[in-house]
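Reading the structure
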Amino acid sequence: MGERGPGGLARRNALGEGRLGVCILGCTGSIGRQALDVCRQHADKLKVVALAAGSDARGLVRISREFGVTDLALAHGERATGDALSGLPQGTRLAYGEGAVEDLTLLPDVDAVIVAIVGAAAIGPTLAALKAGKRVALANKECLVAAGSLVVGAAGPGQILPVDSEHSAIFQCLQGEPEGALSRIWLTCSGGPFRGFDRERLSGVTPDEALAHPTWSMGPKITVDSATLMNKGLEVIEATWLFDADVSQVTVLVHPQSAIHSMVEFSDGSVKAQLGPQDMRIPIQYALSHPKRWGAPAESVDWRAQGPLEFSAPDLETFRCLGLAIEACRVGGTLPCAMNAANEVANLAFREGRIRLTDIDVVIEAVMDATAPETVSDLDHVLAVDERARRQAAVCVSKLRA
Ligand code: NAD
Ligand code: MG
C-alpha cells in the first residue's frame, strides 16, 4: 500500500512507478465503462490492476484482455468456462462471489477503488476498501443511503471522493472554503424525462419510455430512478452524509438544462456553482486526480450558445418518491435503508412490467409505514433491515399485480 498522506490518500503509490493502481468494481456498467475511458486517456497516470463485475463474464474477460488485468472477480452467476474465458492474460486469477469482489480492494497494488456497482450490494466492498485505507471514488449512492453512518464512520478525512456529478460539483465548490461556512446546498435536478406530467399521465408510462432518458446514458436502475425522481431523493441523503449537512440544508432545484451541476450557498450569502459538459468522465476523473486537474476527457461547452438557464421547485405531488426519501432522511436510522431496499425491488418490478411507474412510491410508502426506525448498530443490522424490507416490498408488488 502507498505511503499515507493527509486525508489517508496515498502520496507515493503502491505500484512505485508514478501511476495510480486502480480497481474498478462494476467495470461493465455505464460508470465502469466511462471510468475505463478515463484510464485509457490517462494511461501515463492510471493503471487498471483489478476488475469486478456482477454476472457479465464475457464483458469482464474482454476488458481484462484489453488492459492486461490479472485480478478479476465476478459477484454472481455461473462459473465461466470454455469460450467465455479464452484469451485471458497469463496468470489470471478469476474469483467468484461477493467476498471475492471485496477481496480485490485489499490487493497491495490497488491505490484507488472506483465503486461503480449498482444498489446496496456496494455496501460490503465500499467498507472493505475504506478499511484497507484506499482512496474510494464513490459513484454508488445506495451504500450511503442504506448504511451512511457505517460508510462515513469507516472513512478517514478526504478518503471518499464523490463521483455523482452533483456531489462532485458540491465538493468542488467547497474547495478552499473554511469548515462551517456551508449554509445551504442547492442540489440541481433535470426534472427527469416526465417533468410537467401529472399523476395520471405518469401512471401510463411504459418501461421502454422510462428507459429512454433524453440526456444521460445510464444503467437501467438509475434511469428509472431519474424518471421517478427517487434518484434525487437518494442524492439528498447522499449529500447529507458526504458533506455533514442536515436535510434542511439541502434544497432540490429543478434546472432542466443541467448546465449547473449543483451550487453551494455560504454563511455570508455568497453562492458558488459548478458548471461544465454533461459528461460523467469529468467527475470520475476528478475523483482520481484530486487535488490536481488533468487534461479534459470531454469537449468543452461554448457558453455563448447555451441559451437561458431555468430554475423551479420540484413537483412533490406527482413525484412522490422524492418526498418519501426526504422524509426517510429526516427520520434517519434504519428508515433510509428500508426505503432504499423497497425502491430497488419496486424499480425492478416496474422494469419487468409487473407494476406501473406510479406504483413504485406506493410500495415504498407501504414498506416505510411498516418499518419501526432504529439506530443503525452494525453491518448485520443494516443487512437484516434491507432483507426484511425487500420481502415486504415483494409482497406489496404481488398484491398490486393481483
Ligand atoms: P449499471 O447497471 O450500468 O452498472 C452496474 C455495474 O455493477 C455492472 O458492471 C454490474 O455488472 C456491476 N455489479 C452489479 N452487482 C455487482 C456486485 N455485487 N459486485 C460487483 N459488481 C456488480 O449502473 P450505472 O449506471 O453504472 O450505476 C452504477 C452506480 O453509479 C449506481 O449506484 C448509480 O446510482 C451511480 N451513478 C451512476 C451514474 C450514471 O451516469 N450512470 C451517475 C451517477 C451515479
Ligand atoms: Mg447525480
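Each residue is numbered by its place in its chain's sequence as written, counting from 1. Each chain takes a letter, starting from A, and each ligand takes a number, starting from 1, following the order in which they are written. This being a predicted model, a pLDDT of at least 70 is required before a residue's local features are given, and a value of 80 or more before pairs of side-chain atoms are given or counted; all residues contribute to the totals for chains, interfaces and linings. Hydrogens and waters are ignored; side-chain quantities use all the structure's heavy atoms.

**Description of the nonpolar core**
- Only buried residues count toward a nonpolar core, which is a set of Ala, Val, Leu, Ile, Met, Phe, Trp, Tyr and Cys residues joined through side-chain atoms within 4.5 Å. Using a 1.4 Å probe on the protein chains alone, a residue whose accessible area is under 20% of its type maximum counts as buried, one over 50% counts as exposed, and one in between counts as partly exposed. Of all hydrophobic cores here, the largest spans 126 residues; its most connected members are I24, L51, I185, F194, M339, I360 and I364.
- Helix and strand definitions follow DSSP, with helices as H or I runs of at least four residues and strands as E runs of at least two, each counted in order from the N terminus. For this core, the leading source of residues is helix α13 (residues 335–351), giving 10 residues.
- Those residues in contact with I24 that lie beyond four places of it in its chain are G32, A35, L36, C39, A50, L51, A52 and I114. The contact criterion used throughout is that any non-hydrogen atoms of two residues lie within 4.5 Å.

**Looking at the site of ligand 1**
- Definition of nearness: a residue and a molecule or strand are near each other if at least one heavy atom of the residue lies within 4 Å of the molecule or strand. Ligand 1 sits among 26 residues. The nearest are T28, S30, G54, E142 and G219.
- Polar contacts, as used here, are pairs of N or O atoms within 3.5 Å; protein pairs need one atom able to donate a hydrogen and one able to accept it. Residues neighboring in sequence count only if both atoms are side-chain atoms. In the model, an oxygen atom of ligand 1 is placed 2.9 Å from a nitrogen or oxygen of the S30 main chain.
- E142 places a side-chain nitrogen or oxygen 2.7 Å from an oxygen atom of ligand 1.
- Mapped by element, the contributors of at least two residues to the shell around ligand 1 are α1 (30–41), α3 (98–104) and α9 (220–228).
- Each residue receives one of three labels: charged for Asp, Glu, Lys and Arg, nonpolar for Ala, Val, Leu, Ile, Met, Phe, Trp, Tyr, Cys and Pro, and polar for the others, Gly being one of them. The residue makeup of the shell around ligand 1, split by class, is 14 nonpolar, eight polar and four charged.

**What about helix α15 (residues 379–401)?**
- Between the first and last residue of a helix there are one fewer steps than residues, each counted as 1.5 Å, and that sum is the expected span. For α15, which comprises 23 residues, the first-to-last C-alpha distance of 33 Å matches the rise-based estimate of 33 Å (1.5 Å per residue) to within 8%.
- Turning to α15, its buried residues are H381, V382, V385, D386, A389, A393, C396 and V397.
- For α15, the elements touching its buried residues are α4 (123–131), α5 (142–154), α13 and α14 (359–369).

**Here we look at the side chain of T126**
- Residue position: T126 is located in helix α4.
- Accessibility expressed as a relative area gives 0% for T126, which makes it buried.
- Apart from residues no more than four positions distant in its own chain, T126 is found in contact with V115, V136, L138, C143 and V151.

**Brief notes about the packing of aromatic side chains**
- Stacked, tilted and edge-to-face pairs are distinguished by plane angle, under 30 degrees for stacked and over 60 for edge-to-face with tilted covering the rest, among Phe, Tyr and Trp rings (Trp via its six-membered ring) whose centres lie within 6.5 Å. Scanning the model with the defined rule gives two aromatic pairs in all.
- Both rings, one in F194 and one in F197, keep their centres 5.2 Å apart while their planes meet at 45°; by these two values the pair is tilted. In this pair, the class of F194 matches that of F197, namely buried.
- One cation-aromatic arrangement involves R201 over F197; the distance from NZ or CZ to the ring centre is 3.7 Å. Criterion for a charge above a ring: Arg CZ or Lys NZ at most 6 Å from the ring centre, at most 35 degrees from the ring normal.

**Notes on the domain arrangement of the protein chain**
- Domain start and stop points were drawn from an automatic or database domain assignment. If you check the domain split of the protein chain, you get domain 1 (20–162), domain 2 (164–279 + 301–316) and domain 3 (332–402).
- Placing the centre of domain 1 and that of domain 2 at their C-alpha centroids yields a distance of 26 Å.
- Taken together, the contact between domain 1 and domain 2 spans 14 residues of the former and 18 residues of the latter.
- In terms of surface lost to domain 2, no three residues of domain 1 exceed K141, V145 and P162, which account for 46% of the buried area on that side.
- A side-chain nitrogen of Lys or Arg and a carboxyl oxygen of Asp or Glu constitute a salt bridge if their distance falls within 4 Å. On inspection of domain 1 and its partner domain 2, the count reaches three salt bridges. Accessible area that two parts lose when put together, with a 1.4 Å probe and added across both, is what the buried area reports.

**Observations concerning the coordination of the magnesium ion (ligand 2)**
- Any N, O or S atom lying within 2.8 Å of the metal counts as a donor, with the limit raised to 3.2 Å for Na, K and Ca; because water is left out of the atom set, some sites can appear incomplete. Ligation of the magnesium ion (ligand 2) by protein atoms is provided by D164 (OD), E166 (OE) and E235 (OE), these donors lying 2.1 to 2.2 Å from the ion.
- On the primary sequence, the residues serving as donors to the magnesium ion (ligand 2) are separated as D-x1-E-x68-E. For the pair shown, D164 and E166 are each scored as buried.

**A closer look at the sheet that holds strand β11 (residues 271–275)**
- Within the open sheet, the four strands sit side by side as β9-β8-β10-β11. Their pairing is mixed. Of all strands in the sheet, those with a lone pairing partner are β9 (250–254) and β11, marking the two edges. Strand after strand, the sheet turns through a mean of 20° between neighbouring axes, direction not considered.
- For two strands to be treated as a pair, DSSP must find no fewer than two bridges joining them. Examined bridge by bridge, strand β8 (residues 182–189) and β9 share five bridges and lie parallel to one another. Paired with L187 across the bridge in β9 is V252.
- In this fold helix α6 (residues 165–174) packs onto β8, β10 (260–266) and β11, with an angle of close to 40° to the strand it touches most, β10. Note on definitions: angles span 0 to 180 degrees between N-to-C directions of axes, and those axes are lines fitted to C-alpha atoms, for helices only across the stretch in contact.

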